Amino acid sequence: MSDGKRETWAGRFGVVLAAAGSAVGLGNFLRFPGVAAQNGGGAFMIPYFFSLLFIALPLCWMEWSMGRLGGSYGHGSASGVFDVLTGHRKPWAKYLGVMGIVGGLGIFFYYVYIESWTLGYSVFALTGKYAAIDSPEEMGRFLDSYLGGGGDYFKTLWPAYIFFIITFVANFAILYNGISGGIERFCKFAMPLLFFVAVILVFRVFTLDAPVKPEWNLSEGLGFLWNPDFSALRSARVWLAAAGQVFFSISVGIGTLLTYASYMKSRDDVLTASTTSAFLNEFAELVLGASIVIPAAYMFFGPAGTTEAVAGGTFGLAFKTTPLIFKGMSGGPLIGFAWFFLLFIAGCTSSVSIIQPSLSFLQDEFGFDRRRCVLVLGALTFLFANLAIFGKCVIDEMDFWFSSFGLPLFGLVESLFFAFFFGVDRGWQEIHRSARLRLPVFLKYVMKWCTPFFLFLILFSWLVTDGWSTILMIRKVDGEWRPLYEGAAFWWVLVTRFCLLSVFGATCWLVKVAWKSEKHRSNIYDYNT
């Protein structure tokens, strides 16, 4: 058992807000409304809630219960938790847990840079940097100039790099102060502020009075998003899109919730905490996120322009369309600042969470001081973040391995460990230990059979349709297979793959070294006691 020296959350309210902060991010306010509008509108909610009930929430409860158990034995990383679940008798289990250590770390490599864009744009909105721009195409050139350090708007990369440095330092300043003094304290301030700003933006959008054409009004804008197209449900891609959205939205499959739960006390209620944080995430996504971007875009650009904006993806919607929307409102600079600062807060609460599993691993398995670990990981992530900043196609490559491929893969591994090593009966008891709520009994069987099956189906379907060609770096153009990357981009991607493989290999080596210590050799875990 743990010697009691590990950190714990100061209170239930703090851990709920921290977990909700991990889940609430750019996807809630940008990705969800775009995906829903493209995939049947209101009809999209049928596969969405199906996936929420059969995939995301069960996996969420699994992670919280396994994480709290692992924390009671002094382990907060997936490697340590998996070792506990197998009673220290399956040497290979801890190496599968490496995915839960490296996954969040790898996402942080590029996510912190994207997060810094929102901080930069909040300043640009307030200072009127893009005030003279009046088309999405020109906003695209503004973004390219900002990220490339050339063109008509920015002469160097220094503005983007300075905002990156500020964002990077802010993240590690929070992490430096620990679980309760850093992450929990920050989320107690940041999450209420996030919801407050979001409500103000929703109110501002709902009080607009058709600024361009009478027929481009709020009612039609909400209808654009929510009017159901039930014929879309016949497409397997719509179901996969819904599963992917809700899976990533709840923040499962990263290892973060597993680690967060490990800092709870043994008698804390993980079921209420996990369910409440999931509810807050869904409120941010379905109520707030769906009520801002798409309705506002419709009122300024109409059906054709909104369709084009949605087709441009998350980045296009965020940095090419929304600046023009909020610029066109009364009080545009302040509204634009509020919007991008909202995204910045959402990004920060997520980014500080995804690096915590790797911090927990170094602290728990090697006994290192937290602040020293923060400095070491800060140096490592800074190097890889610069690879994402300066390398061509590096962000897409990292996102592929750590998000598109890594999250469903690790989620599948977690569900299998819960069902067949932890055991569904023991897991069910662990979920309900000290719980105020009771889950319907049928969910026990969902956790054992349905969740692993659907995760396997998502991963397999994605690999068959898109994944394998990205792995092989090829694409089909006019019926012919051609290289996905050419010129310098090809070499940047190869270097990136080598570096990421090195990080994974180095972490496996660290796991091997840690488990050779006396602490691990003497531990045979019995979670029946």
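Before any of the text, the structure's been laid out above.
None of these values were measured; they are calculated from a predicted model.

Rules and cut-offs
Residues numbered from 1 in each chain as written. Predicted model: local features only at pLDDT ≥ 70, side-chain atom pairs only at ≥ 80, totals over all residues. Heavy atoms only, no water. Core = buried A, V, L, I, M, F, W, Y, C linked by side-chain atoms within 4.5 Å. Buried < 20%, exposed > 50% of the residue type's maximum accessible area, 1.4 Å probe, protein only. Helix = DSSP H or I, 4+ residues; strand = E, 2+ residues; numbered from the N terminus. Contact = heavy atoms within 4.5 Å. Pairing = 2+ DSSP bridges. Expected span 1.5 Å × (residues − 1). Polar contact = N/O pair within 3.5 Å; in protein donor to acceptor, adjacent residues only side chain to side chain. Disulfide = S-S within 2.5 Å. Salt bridge = Lys/Arg side-chain N within 4 Å of Asp/Glu carboxyl O. Patch = residues over 30% accessible without salt bridge, like charges linked within 9 Å, V, L, I, M, F, W, Y side chains within 5 Å. Areas by Shrake-Rupley, 256 points an atom, 1.4 Å probe, with all protein chains shown as cover.

Trainee: What should I look at first to understand the nonpolar core in this one?
Mentor: The nonpolar side chains of soluble globular proteins are, as a tendency, buried together. Ranked by internal contacts, the top residues of the largest apolar core, which has 181 residues, are Phe29, Phe44, Trp64, Tyr121, Trp339 and Met398. Here this core takes 18 residues from helix 6 (residues 98-127), the largest share from any one element. Excluding residues that lie within four positions of it along the chain, Trp339 makes contacts with Phe29, Leu30, Leu201, Ile292, Val293, Thr322 and Phe326.

Trainee: Teacher, can you tell me more about the pairing of strand 1 (residues 474-477) here?
Mentor: Looking along a regular strand, one sees side chains alternate from face to face of the sheet. As judged from the four bridges shared by strand 1 and strand 2 (residues 480-483), these two strands associate in the antiparallel manner. In the strand pairing of strand 2, Val477 is matched with Glu480. Once strand 1 ends, the chain turns through two residues before running back antiparallel as strand 2, passing Asp478 with a positive phi of about 55°.

Trainee: Any chance you could explain helix 13 (residues 270-288) here in plain terms?
Mentor: For an α-helix the count is 3.6 residues per turn, leaving residues at separations of three or four pointing the same way. The end-to-end C-alpha distance of helix 13, which contains 19 residues, comes to 26 Å, matching closely the 27 Å that a straight helix rising 1.5 Å per residue would cover. At the N-terminal end of helix 13, a side-chain oxygen is found 3.1 Å from the backbone nitrogen of Leu271, two or three residues along, and the residue is Asp269.

Trainee: What am I meant to see in the state of the cysteines here?
Mentor: What makes a disulfide is a covalent bond joining the sulfur atoms belonging to two cysteines. Using the criterion set out here, one finds zero disulfides in the structure. The closest cysteine sulfur to the non-disulfide-bonded Cys348 is located on Cys187, 9.8 Å from its own sulfur. Cys373 forms no disulfide, and the closest cysteine sulfur to it belongs to Cys508, at a distance of 19 Å. Given a relative accessible area of 2%, Cys373 falls into the buried group.

Trainee: Sorry if this is basic, but what is going on with the pattern of salt bridges here?
Mentor: Side chains bearing opposite charge may pair, as long as their charged atoms lie close to each other. Inspection of the entire model under this criterion finds 10 salt bridges. The shortest N-O distance in the salt bridge between Glu430 and Arg68 comes to 3.2 Å. Linking Glu430 in helix 19 (residues 394-432) with Arg68 in helix 3 (residues 45-72), this pair joins segments that are 362 residues apart in sequence. Take Glu430: its relative accessible area is 8%, and that puts it in the buried class. Between Arg497 and Glu397 there is a salt bridge, with its nearest N and O atoms 2.4 Å apart. Remark: Glu397 occurs in helix 19 and Arg497 occurs in helix 21 (residues 488-514); sequence separation between them is 100 residues. Residue class for Arg497 comes out buried when judged on its relative accessible area of 18%. Shared partners join several salt bridges into a network, and the residues in it are Arg68, Glu430 and Arg433.

Trainee: Where do I start with the side chain of Arg6 in this structure?
Mentor: As for its placement among the helices and strands, Arg6 is situated in the segment before helix 1 (12-23). Engagement of the side chain of Arg6 in a polar contact is seen with the backbone oxygen of Ser262, the distance being 2.8 Å. Separated by 3.0 Å, the side chains of Arg6 and Asp364 make a polar contact. The residues contacting Arg6, other than those within four sequence positions of it, are Gly71, Gly74, His75, Gly76, Ser262, Tyr263, Ser360 and Asp364.

Trainee: Looking at this model, I keep getting lost on a nonpolar patch on the surface. Mind explaining?
Mentor: Together, Leu416, Phe420, Val441, Tyr445 and Trp449 make up an exposed nonpolar region whose accessible area comes to about 550 Å². The set of elements that each furnish at least two residues to the nonpolar patch consists of helix 19 and helix 20 (442-471). Relative to the assigned elements, Val441 resides in the loop between helix 19 and helix 20. On the accessibility criterion, Val441 (52% relative accessible area) is exposed.

On their own, these measurements won't tell you what the molecule is for.
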